[in-house]
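So you can see what is in the structure, the chains are spelled out below.
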Amino acid sequence: MNYDFKEIEAKWQKYWAENQTFKAENNSDKEKFYVLDMFPYPSGAGLHVGHPLGYIASDIYARYKRHQGFNVLHPMGYDSFGLPAEQYAIQTGQHPAVTTKTNINRYREQLDKIGFSFDWSREVRTSNPDYYKWTQWIFIQLFNSWYNNNTNKAEDISTLIQVFEKEGNATVNAVSDDDINVFSADEWQAYDTKKQQEILLQYRLTYLAETEVNWCPALGTVLANDEIVNGVSERGGHPVIRKKMTQWSMRISAYAQRLLDDLNTIDWPQPLKDSQTNWIGRSQGASVTFNVKDHKEQIDVFTTRPDTIFGVSFMTLAPEHELVATITTPEQKQEVEDYIQATAKRSERERMADVKTISGAFTGAYAEHPFTKKLIPIWIGDYVLAGYGTGAVMAVPCGDQRDYDFAKHFNIDISNVFEGVDISEEAYADKEKTIIANSDFLNGLPYKKAMKLAIYELEKIGHGKGKINYRLRDAVFSRQRYWGEPFPVYYVDGMPQMIDAKHLPITLPEVEKYLPTETGEPPLGNANVWAWCTKENKVVDNSEINNDTIFPLELNTMPGWAGSSFYFNRYMDPNNTDAIFSNDAINYWQDVDLYIGGSEHATGHLLYARFWQKFLFDKGVVPKNEFAKKLINQGMITGTSAFVYEALHNDKSLQIYESAGLFDGPNYLHSEHPKYKEHLKVLNSKGISENELSEVSFRLIHADVSFVNASDELDIEAFKNWRPEYKDAEFITEEDGTFKVKREVEKMSKSKYNVVSPDSICEDYGADSLRLYEMFLGPLEQSKPWNTAGITGTHGFLKKLWRLYLDDNGAKFTDATPTKDNLKTLHKTIKKVAEDIENFSFNTSVSTFMICVNELSSQKCTSKEILEALAILVSPYAPHIAEELWQQLGHTTSIATAPFPKFDASHLVESSKEYPVSFNGKMRFKLELPLDLSKDEIEATVMAHEKTIAQLQGREPKKVIIVPGKIINIVG
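As the structure is a prediction and not an experimental result, all values here were calculated from the model.

(A) How the structure looks around the overall build of the chain. On a plain count of helices and strands, the chain comes out with 30 helices and 37 strands. Reported as C-alpha extents along the three principal axes, the dimensions of the chain are approximately 115 × 80 × 70 Å. Summed over its atoms, the accessible surface of the chain is roughly 43,400 Å², and 47% of this surface lies on carbon and sulfur atoms. A gap of 4 Å separates the mean positions of the 104 positive and 135 negative side-chain charges of the chain.

In structure tokens, the structure reads:
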């Protein structure tokens, strides 16, 4: 009976689907275990072999926990809103819903072929209205909440209104906008409805505000920081500028300290925790207020070094700071405006990363030092960010290198406030060793004491106070896109109103085109039916808008992270139409036990998801403050790219390609080269003379890896037919006529033509071979290169495993009692595999299986007892072959829930030892003896042995050295 992997895998994939083998129950007496993979975005390219790495690991663990008797939830769905589908719609006119569905179908087909144990009855798609109904519902809850610093949690906005009605806002301790005016209860009652709504927006956890955003004109949308690379959009490489727009924002800053503190409560990778810690960026210091000369305005700064207050020699504002236009003098206006325009083209990330470029402009204005009243010049510089702190810094060049470099560049005075420190070459930043000097009442004090006294004196004169600051800023939540969740918001007299939750979802309208309108409105501005009728509680035609019952709807959509910030909870009860999930479901599943995904989502997804989880916890919607107990970041499977050397003349391609085996350096076009004449002939045919050889250079260009065989030889005809420009290319080959490519390891990507599809691997070797090979490549957390040739090893192992159970005549297994060696091999395998899975060391398990099968084959093991246990051990890794062998062994139900074999240590305890018996240090023979013999008993047995007698030939040994359990050495 042959191992027909295609037939076996198709058979069991069909069986699992028809029998819903992996369906989890919400009401089970079993202990729960929730295994989650990060939400995939379904692209048109489908999966390559790098994508399933984390899924295979999570699947092994999920299957293992089922074998252990857990009720396992292992769901899958799709993060199906997003910019790529919208861009494709703009290019082709095809509705994003159509392409998204096509892409999902492709993903599903590929995922099924790999044999994952997903509970597909729980599939969710963020672009389905029955899902984004609950994204809209959460948005409404956030809008109707404020953050109470006294209780340290979110509360219903009605409790804040009650405080306003009774006592005004003077005593309210909330996370809110900074510029809120104090009012009494009487004043609150006297405000009209619009004024009250404006005030409440300053407290709500989601609010409208004019915000500095990353605007991409080519894409017509705002981009998040993590969607920008080197100042251009990640998608398309388009320029991004900074501009102010009225946007919805989420007050994630309210949760900054909790997000920081609770990192200590979860088992997540330390580098990821460090990334979030840095992103949150907690710092302790003081808020200092500077008066602006000849203006009523004041400038607030946050500093972590109030002890250096007397070292301030200038101030720097972010170019976008709201006071810049007000305080800039007429003489400096043009220079300042030009500088602002130039910096608008640089992203915040680029500005933060660029520590070398020094640029700025003087506003012509001066601030007053709060203690000395000395005038301090006010500059603008793009190293200061409007969204971090107050968008202004008090520059102390003697203690900050960036301020120092700025001052040196613009010839600004540098005051030294450090005792015994030379600052002639650089700033002094070691605050722990600081002794303050030239600073009036702070002179002679160390850093900590000076800091406390400076804050005390600032508070006394009303120019500052102690403060904790966070780098984490409120998250911009609006996108000028079509393909995203619509906001459940309409506007009355310019103020946002929430649509009642019972009328959700508000679904996307049809539009003729997916670009912004001619007047610059988001794509939803193209919709004809996009107004809200409060009388009928439904979406109606825009032409009916009036000021009575029909109002305009929000034209922006939500960002991609909205739908991915709660999907892990929705999986618990995805088909519930009455609630985001039932109490029974959330109280049973509680949280994710194991989450596997890429480290690149440290902030863009995971920080926002933790924020929403904490908010829902505050509101009593979920029982846990954190959504995932343990997180593992899988590494990357890289591709092995293929390159050919292309000849250039004056940077223009000559369509001449050189085999990598001949290329011996950039100046290899010399007369000694064995192919020199051929080079010359080909170059002459392109109009290049021998005198012009020095003008010829080479560059590496990608070739599709599908044109390259295992020996790194390029299929020249395939390459020439690949693109029109290669049709008439000339190839300088090796002596044997082959053409070699150069190989390099790179990220697997379509753009690098090094993608390997799992479909072809499954077709040629089977899904079980793919699963084993991906695990065998190396530790889960590390990156490792893909080499298709290597998969023959795991495929060969599976064939050997098959032959342990079955041969051409059928079953080989019997009811024979296992031998001592059989049991020893099995139980050391049980021990090792269980330890490996618990430690996520999947690569060493594959090695263990190979050793086990080799040993059992050598032992000619046919024991059904042993082979049944082995099938279960292999099942999480290679489930198809395990199911088939399980059935061949006589079982009529799936192996999926068969109990995991129990380890028995007694089978690994040795009762005897094979001693090497040495004479004068040279081993002459071996002797197996019971391990419980004493030293004297061992000596007596050895000395009486015929081989010992023959070696000694009647001589008395000088010494007999015996170490029980280890060595016997007779010294003669």
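(B) Broad picture of the sheet that holds strand β35 (residues 922–930). Spatially, the four strands line up as an open sheet ordered β35-β34-β37-β36, and their pairing is mixed. Of all strands in the sheet, those bounded by a partner on one side alone are β35 and β36 (959–963). This sheet shows a mean twist of 20° between the axes of neighbouring strands, independent of strand direction. Pairing of strand β34 (residues 912–919) with strand β37 (residues 967–971), which is carried by three bridges, proceeds in the parallel orientation. The residue of β37 that forms the bridge with F919 is I970. Packed onto the sheet, helix α29 (residues 935–944) meets β34, β35, β36 and β37 and runs at close to 125° relative to β36.

(C) Molecular detail of the nonpolar core. Core analysis: the largest hydrophobic core is formed by 94 residues, its most contacted members being W248, F477, Y595 and W612. Take this core: its biggest share by element is nine residues, from helix α5 (residues 129–143). If sequence neighbours within four positions are ignored, W612 has contacts with T135, I138, L142, M250, F477, W561, A562, S565 and F566. In this structure, C762, V853, C861 and L873 belong to the second largest nonpolar core, which totals 86 residues.

(D) A look at empty space enclosed by the protein. In this structure the tally under the stated criterion is four cavities of 30 Å³ or more. Its boundaries defined by the atoms lining it, the largest cavity holds a volume of some 90 Å³. Lining the largest cavity are V355, K356, T357, I358, S359, D382, Y383, R402, D405 and F406. Residues of the lining of the largest cavity, tallied by class, amount to four nonpolar, two polar and four charged.

(E) Main features of the pattern of salt bridges. Evaluation of the coordinates by the stated rule reveals 37 salt bridges. A salt bridge links R305 to D307, with the nearest nitrogen and oxygen atoms 2.9 Å apart. Among the residues examined, R305 registers a relative accessible area of 11% and is labelled buried. For E626, the salt bridge identified is with R610, shortest N-O distance 2.8 Å. Taken as a pair, E626 in the loop between α19 (606–618) and β25 (631–633) and R610 in helix α19 lie far apart in primary sequence, 16 residues in all. Taken together, the shared-partner salt bridges connect K32, D591, D593, K624 and K629 into one network.

(F) Expanded view of the packing of helix α25 (residues 820–838) against helix α27 (residues 864–874). Contact geometry for α25 and α27: axes closest at 10 Å, N-to-C directions at 15°. For the element pair α25 / α27, the angle class is roughly parallel. Relative to α27, the crossing made by α25 is left-handed. On α27, the residues touching N822, L823, L826, T829, I830 and V833 of α25 are E865, I866, A869, L870 and L873. Residues that form the contact of α25 with α27 fall into these classes: eight nonpolar, two polar and one charged.

(G) How the structure looks around helix α12 (residues 333–343). All of the buried residues along α12 are V336, Y339 and T343. With its buried residues spanning 65° around the axis, α12 presents them on a single face. Those residues of α12 that are buried are in contact with α11 (324–327), α13 (348–353), β14 (361–368) and β15 (375–380).

(H) Highlighting the packing of aromatic side chains. Considering all chains together, one arrives at 74 aromatic pairs under this definition. Geometrically, the ring pair formed by F39 and Y571 is edge-to-face, given 6.2 Å between the ring centres and 85° between the ring planes. Note that F39 is positioned in the loop between β1 (32–37) and α2 (52–67) and Y571 in the loop between α17 (567–570) and α18 (583–589), a separation of 532 residues in sequence. You'll find F39 and Y571 in the same group, each marked buried.

(I) Quick peek at the sheet that holds strand β21 (residues 531–533). With antiparallel pairing, three strands are arranged side by side in an open sheet as β22-β21-β23. Of all the strands in the sheet, the pair left with one neighbour each is β22 (538–540) and β23 (550–552). Shown here is a sheet whose adjacent strand axes are inclined to one another by a mean of 40°, direction ignored. Relative to β22, β21 runs antiparallel, the two sharing three bridges. Within β22, the position partnered with C533 by the bridge is K538.

(J) Focus on a negative patch on the surface. A contiguous patch of negative charge, built from D178, D179, D300 and E322, is present on the exposed surface. Along the polypeptide, D178 turns up in the loop between β5 (174–175) and α7 (185–190). Look at D178 and you get exposed, because its relative accessible area is 78%.

(K) Region of interest: unusual backbone geometry. In this chain, L504 is followed by P505 through a cis amide linkage whose omega measures 5°. Relative to the helices and strands, P505 is located in the loop between β20 (495–498) and β21. One non-glycine residue, N438, adopts positive backbone phi at about 50°. Relative to the helices and strands, N438 resides in the loop between α14 (401–409) and α15 (447–460). The exposure class assigned to N438 is exposed, which follows from its relative accessible area of 59%. Its identity is not glycine, yet F840 carries a phi of approximately 60°, on the positive side. Mapped onto the elements, F840 comes out in the loop between α25 and α26 (842–858).

(L) A look at the pairing of β35. Where β34 meets β35, eight bridges bridge the pair, whose relative direction is antiparallel. Of the residues in β35, the one forming a bridge with F919 is K922.

The rules behind each value
Once a new chain begins, its residue numbering starts again from 1 and follows that chain's sequence as written. Given that this is a predicted model, residues contribute local features only at a pLDDT of at least 70 and side-chain atom pairs are listed and counted only at 80 or more, while totals for whole chains, interfaces and linings are drawn from all residues. Note: side-chain values were computed over all heavy atoms of the structure, leaving out hydrogens and water. Put simply, DSSP marks the helices as runs of H or I at least four residues long and the strands as runs of E at least two long, and each gets a number from the N terminus on. Method for areas: the Shrake-Rupley scheme with a 1.4 Å probe, in which residue coverage is limited to the protein chains shown. For the purpose of charge, His is not counted, nor are the chain termini; Lys and Arg are scored as positive and Asp and Glu as negative. In plain terms, the charge of a residue is placed at NZ if it is Lys, CZ if Arg, CG if Asp and CD if Glu. Strands are treated as partners if at least two bridges between them are detected by DSSP. Axis lines are fitted to C-alpha atoms, over the contacting stretch for helices. Their N-to-C directions set the angle, which ranges from 0 to 180 degrees. Note on contacts: a residue pair is in contact if any heavy atoms of the two residues lie within 4.5 Å. Among the buried residues, those of types Ala, Val, Leu, Ile, Met, Phe, Trp, Tyr and Cys that are joined through side-chain atoms within 4.5 Å form a nonpolar core. The buried label applies to any residue whose accessible area, calculated with a 1.4 Å probe on protein chains only, is under 20% of its type's maximum; exposed applies above 50%, and partly exposed to all values in between. A pocket here means an open set of points on a 1 Å grid, computed over the protein atoms alone, that has protein on both sides within 12 Å along at least five of seven lines. A cavity is instead a set of points where a 1.4 Å probe fits but cannot get out; residues with an atom within 4 Å of a point line either one. Grid points are joined across faces, edges and corners, and a volume is the space filled by probe spheres set on the points. Amino acids are sorted into nonpolar (Ala, Val, Leu, Ile, Met, Phe, Trp, Tyr, Cys and Pro), charged (Asp, Glu, Lys and Arg) and polar (every other residue, Gly among them). For this analysis, a salt bridge means a side-chain nitrogen from Lys or Arg found within 4 Å of a carboxyl oxygen belonging to Asp or Glu. Each angle receives one of four descriptions, namely roughly parallel if under 35 degrees, roughly antiparallel if over 145, roughly perpendicular if within 65 to 115, and oblique otherwise. By the definition used in this description, the sense in which the near helix is turned from the far one sets the handedness, with an anticlockwise turn below a right angle giving left-handed and a clockwise turn giving right-handed. The arc in question is the one traced by the directions running from the helix axis out to the C-beta atoms. Pairing of aromatic side chains here covers Phe, Tyr and the six-membered ring of Trp, requires ring centres within 6.5 Å, and sorts the geometry by plane angle: under 30 degrees stacked, over 60 edge-to-face, intermediate tilted. The patches described consist of residues with a relative accessible area above 30% and no salt bridge, like charges being joined within 9 Å and nonpolar side chains (Val, Leu, Ile, Met, Phe, Trp, Tyr) within 5 Å.

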